[in-house]
Each structure stands twice: as C-alpha cells, then as structure tokens.
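As a plain string of letters, each chain reads:
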Amino acid sequence: MAARGAALAGAGLPRPADRAAYEHEIEVLRQREKAHTREADAIAAARRRLPMVEVDGGSELLGPDGPVTLLDAFEGRRQLLAYYFMWWPGHPAADQCEGCTFFTNQVSDLSALHTRDITFAVLLQGRNVTYGPQDAHRSYDASRRYRDFMGWTMPWYSAQPSLETLLGGREPGMFYLVGYVRDGDRVFETYWTSRRGVQAMDHSYALMDLTVWGRQESWEDSPAGWPQGCVSGRTTAGAPEWTPAPDWSGRPISQWPRLAAGHDDDLGPVGPGHPPVAPHCH
C-alpha cells in the first residue's frame, strides 16, 4: 500500500471546523439526503405503476445442462431480475469486461430476493458493442469457467440464441438489468435499465460516495486537489498496491483476490480473439 499511500499523501483535505459547525453542515446536507430518499421512494412507486409488455417465455437460453427457456429461468418464482452480462468471446479472463465483472461480483446471497418470490440470474449476451458473437456453446462454456474462477453461484445462462428477441430493439453488447414477471406460463417485461442504472446491484460505489474523496474518478465534481486518478475498474496490480490502470491494461479489480487465493483463470479454448477495445465503465 506504500506506493498508493505516497500518491495520496499530498491529496486535498476538507477545511477543519469545530464540532458545532461540523454538525450544522451535516444537518443541512441531511435534509437534502432525506429529500433524495423520498424522491427515490416516489420513483420506485412510479416504477411499480409502469405498464408491462409480453415477451416470449419460450425464448431459448443455454444452461449448464443444455437448452432451457426464459420461463425456466424463473425457477418457479413469479419474478425474475436478469443481468445481461456482455461477455467478450475469444478473450482471456484478464480482458473480460471490468464493468460487468464489478457489478456481478457484488451479487452474493440471494435468499432475501427469494423470500420476495424473485429469482436473480445472469444472461450472457456473448458479445460487446464492437464485434459480434462467436459460437454460442463455446462462448458459454468459457463463460462458465470464468464464473467458477470468480466464485459466483447465481444462475448462469447464455441468452445468445434469443438475444435479438429478448432485447427487443435495444443495442446488443451493453449491460442491462431487466425485470420480468410471469402470469402462469406467460412472461412480461416490467422494467429495464442500463449504464449507471445497473448500479442498483452495487454497494462499493455507494460506500465510496460516503467517503471524503468519493470514487476518485475524473468525472466527479470534487474540490481542487482531490485524488481523481481512477479511470476504470481495472488495476495493474492487486493488494497491497492496487495501482489504478490508466487504460485497458491490468485486470478487473475483483480478479486479483481470486488469483491471490490460487484460483485458475484459464478459460480453455476460447477461440480466436479480438484486439482490446475501450472499456464502457458507466
């Protein structure tokens, strides 16, 4: 951590204040936070009143035991939240999408969702915005090895056989979080979001936002002198340095602890690769 600590040694700090002045400004900010919470509740209420659109519940997915359907992915529950993971076929683990890896890595215990009749599942798109898919089965097999390397246990499917139908005109190769509900054997889409909307899966950014330096990313509105050198979800090393990667170099952050624990990131015969492309972080 020494290198990282040295880089931050000269970073800006807030102005000092006595306890009374500090508490006063916290209270002023708290009123804005409370208004933000109430607005979020109002938006959630409006979300619950959106119409729904029917989708083909028989749309084919690839599962660990072969073809299944979107309806099967509900696992008998009434609701399904599906994260559409980009998955970059032909790329090794180090080149996989840092955004999809970051968000998926924060989804762990699903029991609370299950008590509300909700299944969470990952649906692989098998492509990104720059190039199209490869063989669906080969791509899915490689992605399952990535899932095992990362230690993820959520249901894991490939949506590649029915991707155009399921996306319904949305751009393939961007990550999406999509909500579904079923009425018997009929399946309806009830909500979707993309880009920063998928931060609903996140707790790390939410906790960073509570700290004085925030996410330390260049787009943030921070005072002069605040550290803002983190430009992607990648670092060129793991603990203790965690050196931020300035570009496509390095690895998705959450891969480093898996490697340190001795887990194998060999994805097998992933097929012909493609030149790395600029990441889509937000």
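Residues numbered from 1 in each chain as written. Predicted model: local features only at pLDDT ≥ 70, side-chain atom pairs only at ≥ 80, totals over all residues. Heavy atoms only, no water.

A word on the overall build of the protein chain. Tallying secondary structure elements over the protein chain gives nine helices and 10 strands in all. At 21 Å, the protein chain has a C-alpha radius of gyration in line with the 19 Å of a compact globule built from 282 residues. For the protein chain, the spread of C-alpha atoms along the three principal axes comes to 65 × 45 × 30 Å. Counting the 282 residues in the protein chain, one finds 43% classified as buried. At a minimum sequence separation of 6, the contacts of the protein chain that also span at least 24 residues come to 67%. Of the roughly 14,800 Å² that the protein chain leaves accessible, carbon and sulfur atoms contribute 55%. Between the mean site of the 27 positive side-chain charges and the mean site of the 35 negative ones, the protein chain shows a separation of 5 Å. (Helix = DSSP H or I, 4+ residues; strand = E, 2+ residues; numbered from the N terminus. Rg over C-alpha atoms; globule rule 2.2 N^0.38 Å. Buried < 20%, exposed > 50% of the residue type's maximum accessible area, 1.4 Å probe, protein only. Contact = heavy atoms within 4.5 Å. Areas by Shrake-Rupley, 256 points an atom, 1.4 Å probe, with all protein chains shown as cover. Lys, Arg positive; Asp, Glu negative; His and termini not counted. Charge placed at Lys NZ, Arg CZ, Asp CG, Glu CD.)

Between two aromatic rings, the relevant description is the distance of the centres plus the angle of the planes. Here the structure, examined in full by the defined rule, presents 14 aromatic pairs. Ring geometry for Trp-87 against Tyr-146: centres 5.4 Å apart, planes inclined by 55°, an arrangement best described as tilted. Taken together, the residues Trp-87 in the loop between strand 4 (79-85) and helix 4 (98-104) and Tyr-146 in helix 6 (residues 136-150) connect sequence positions 59 residues apart. Each of the two residues, Trp-87 as well as Tyr-146, counts as buried. Ring pairs connect the aromatic residues Tyr-83, Phe-85, Trp-87, Phe-102, Phe-103, Tyr-146, Phe-149, Trp-152, Trp-156, Phe-175 and Tyr-205, which therefore count as one cluster. A cation over an aromatic ring shows up here: Arg-47 above the ring of Tyr-191, its NZ or CZ 4.8 Å from the ring centre. (Phe/Tyr/Trp six-rings, centres within 6.5 Å; stacked < 30°, edge-to-face > 60°. Lys NZ or Arg CZ within 6 Å of the ring centre and 35° of its normal.)

It is worth spelling out the pattern of salt bridges at this point. Where charged atoms from two side chains of opposite charge approach closely, those side chains can pair. Evaluated as defined, the whole model comprises 10 salt bridges. Glu-23 is paired through a salt bridge with Arg-19; the nearest N and O atoms lie 2.7 Å apart. On the criterion of helical spacing, the pair formed by Glu-23 and Arg-19 is a turn pair, its members being four residues apart in helix 2 (residues 19-47). Note on Arg-19: relative accessible area 58%, which makes it exposed. (Salt bridge = Lys/Arg side-chain N within 4 Å of Asp/Glu carboxyl O.)

Within the largest apolar cluster, 32 residues are counted, with the highest numbers of intra-cluster contacts made by Tyr-83, Phe-85, Phe-103, Phe-120, Tyr-146, Met-154 and Trp-156. Broken down by secondary-structure element, the contributors of at least two residues to this core are strand 4, helix 4, strand 5 (118-124) and helix 6. Counting residues per element, this core draws most heavily on helix 6, which supplies six residues. In contact with Phe-120, other than residues within four places in its own chain, are Leu-81, Tyr-83, Val-107, Leu-110, Leu-113, Met-154, Pro-155, Leu-177 and Met-201. Membership of the second largest hydrophobic core comes to 20 residues, among which are Leu-163, Met-174, Tyr-176 and Tyr-180. (Core = buried A, V, L, I, M, F, W, Y, C linked by side-chain atoms within 4.5 Å.)

Structural measurements only, silent on function.
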